Amino acid sequence: MPLHPAVAELEKMVLDKESYRRWLEEWVRYSWRWAVSEKYRLVFRVQAAALRAMREFLDSRGFVEVLPPIIGPVTDPGIRGARQASIDFYGVEYKVMSSAILYKQYMARALGKIYFVSPNIRLEPPESIYTGRHLVEFYQLDLEMYGATYIEAMDLAEDLVIYVIRYVRDVYGKELEEKLGRQLYDFERPFKRYTHREAVELANKLGCRNSPWEELAWECEKLLSAQHTSPFFVYDFPKGARGFYDREDPERPGVLRDFDLLYPEGFGEAISGAEREYEPERLVERIRQGGEDPAKYQWFLQMAKELYPLQTAGFGIGVERLTRYLCGLRAVWEARPYPKVASIVGGP
């Protein structure tokens, strides 16, 4: 299946990087000009419907919505080349959440199944402006389940995505076709599932070189996505590809019990999730293997000991990436009324 026309359009736009950057600077700095247009009024209504659908689905499954943290002593270290933002919190360096993954586990212990809609800040590298998939400021719905496996989390992700797409299609399908030329398809379970090694082998056969020991490169991810007509999973990533909190399979050293869900048509990653590492001594070891000082994570490690065994699994789904897919947009900077993209300043 070829790239969606909007994804293909972005590919053409970024061929001339200087021209594209000038265009994007204008887009970001004067975002109110396009945000009030008919097209984007529809985009933001669809986005609201998608959030409503996710809440409705999760509430029906017994999840409880909780408030997310905004700042804290530490945040997610596994953010693929982005930098964390910091503030001075009364003389102590605190992090602005790049993801609240470390904070949701004990709320899952408290309430069983939880979710929150969380703002995140990631200082992405300047070259990320050419991917169409990265914002510095974005929202994601994060959820966590106590006592669950990553297989159960994948099953839930399938049901969630199917529900949201059907909901949006039922409410806005006609408008999306008439105004944006976007047709949403009805997907059925089960989604195709590839191990990371199988996905790398397929990417290499298609001409995108990717090491079996590394995260899927953005270009390989997009290429794999373009080969599919429905969402699909990549699971069992190698240990070095993800953060210390993703659980290493005790029976398969070097393999993590984690997954990504990718949209079809070249839109790329939708969801990332995993079982969590919960053995206190393994957490310390994994933190050190990642080149960090366990002392930074003192509260997290103490929590893991006091609430042992804190066995949870969960995932996060990016709201702007979901909106991009639902509306067939060129990039995530079309899915936010005041977009912040790497290295471009000014504007709202």
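See the structure above.
Conventions used here
Per chain, the residues get numbers from 1 upward, laid out in the order the sequence is written. Reporting of local features is limited, given that this is a predicted model, to residues whose pLDDT is at least 70; pairs of side-chain atoms are given and counted only at 80 or more, and all residues count toward the totals for whole chains, interfaces and linings. No hydrogens and no water enter the side-chain calculation; it runs on all heavy atoms of the structure. For the purposes of this entry, the term helix denotes a DSSP run of H or I that reaches at least four residues, the term strand denotes a run of E that reaches at least two, and both are numbered from the N terminus. Residues count as neighbours in contact if any of their non-hydrogen atoms are within 4.5 Å of one another. Any two strands with at least two DSSP-identified bridges between them are counted as paired. Residues enter a patch when their relative accessible area is above 30% and they make no salt bridge; the linking distance is 9 Å between like charges and 5 Å between nonpolar side chains (Val, Leu, Ile, Met, Phe, Trp, Tyr). Each accessible area is a Shrake-Rupley estimate made with a 1.4 Å probe; only the visible protein chains count as cover when residues are assessed. Whenever a carboxyl oxygen of Asp or Glu lies within 4 Å of a side-chain nitrogen of Lys or Arg, that contact is scored as a salt bridge. Buried residues are those whose accessible area, probed at 1.4 Å on protein chains only, stays under 20% of the maximum for their type, while exposed residues exceed 50% and partly exposed ones sit between those limits. Cysteine sulfurs are considered disulfide-paired once they come within 2.5 Å of each other.

Student: I'd like a description of the environment of L58, backed by residues and values.
Tutor: Examined against the element boundaries, L58 turns out to sit in helix α4 (residues 38-60). Sequence spacing of L58 and A226 is 168 residues, and the spatial spacing of their C-alpha atoms is 29 Å. Leave out the neighbours within four places in its chain, and L58 touches F63, Y115, L141, L143 and L156.

Student: Residue-level account of the sheet that holds strand β4 (residues 92-96), with values.
Tutor: Here we have 3 strands laid out as an open sheet, ordered β2-β4-β3, and antiparallel in their pairing. Each end of this open sheet is capped by a strand with a single partner; those strands are β2 (71-72) and β3 (86-89). Relative to β4, β3 runs antiparallel, the two being bridged by 4 bridges. In the sheet register, F89 faces β4, and the bridge partner there is V92.

Student: Quick one: what's the story with a nonpolar patch on the surface, residue by residue and with numbers?
Tutor: A cluster of nonpolar side chains, contributed by I87, F89 and Y90, occupies part of the molecular surface with about 340 Å² of accessible area. Classification of F89 by relative accessible area gives partly exposed; the value is 31%.

Student: Break down the state of the cysteines for me, citing the residues and quoting the values.
Tutor: Applying the stated criterion across every chain, the model contains 1 disulfide. The disulfide partner of C208 is C220, and the S-S distance across this bridge is 2.0 Å. Linking C208 and C220, the disulfide has an S-S dihedral of approximately -90 degrees and is accordingly described as left-handed. Within this pair, whereas C208 is found in the loop between α7 (196-205) and α8 (218-226), its partner C220 is found in helix α8, the two being separated by 12 residues in sequence. For C208, a relative accessible area of 12% corresponds to the buried category.

Student: Residues and numbers for unusual backbone geometry, please.
Tutor: Note that the residue after R189, namely P190, is joined by a cis bond; omega there is -5 degrees. Positionally, P190 belongs in the loop between α6 (150-180) and β7 (192-195). Each neighbour pair has its own omega, and for Y308 with P309 the value is -5 degrees, a cis peptide bond. Locating P309 in the fold gives a position in the loop between α10 (298-306) and β11 (312-318). You will see that Y90, though not glycine, has its phi angle at about 55 degrees, which is positive. Its relative accessible area of 77% is what places Y90 among the exposed residues. Even without being glycine, E265 reaches a positive phi, approximately 70 degrees. By secondary structure assignment, the location of E265 is in the loop between β9 (258-263) and β10 (268-275).

Student: A description of the pairing of strand β8 (residues 232-235) should follow, citing residues and the corresponding values.
Tutor: Residues F232 and V234 point to one face of β8 and F233 and Y235 to the other, with burial holding for every one of them. Bridge count for β7 against β8 is 4 bridges, and the pairing is parallel. Each bridged residue has a counterpart across the sheet, and for T195 the counterpart in β8 is Y235. In this sheet, β9 lies alongside β8 in antiparallel orientation, the contact comprising 4 bridges. When the bridges of β9 are listed, F233 appears paired with L261.

Student: Would you mind going over the pattern of salt bridges in detail, with residue names and values included?
Tutor: Under the definition given, this model contains 44 salt bridges. The salt bridge involving R189 is made with D159; its shortest N-O contact spans 3.3 Å. You can see R189 sitting in the loop between α6 and β7 and its partner D159 sitting in helix α6, a full 30 residues away along the chain. The shortest N-O distance in the salt bridge between E269 and R321 comes to 3.8 Å. Linking E269 in strand β10 with R321 in helix α11 (residues 319-327), this pair joins segments that are 52 residues apart in sequence. When sorted by exposure, E269 lands in the same class as R321, which is buried. Linked by salt bridges that have partners in common, R61, D155, E158, D159, R189 and R193 make up one network.

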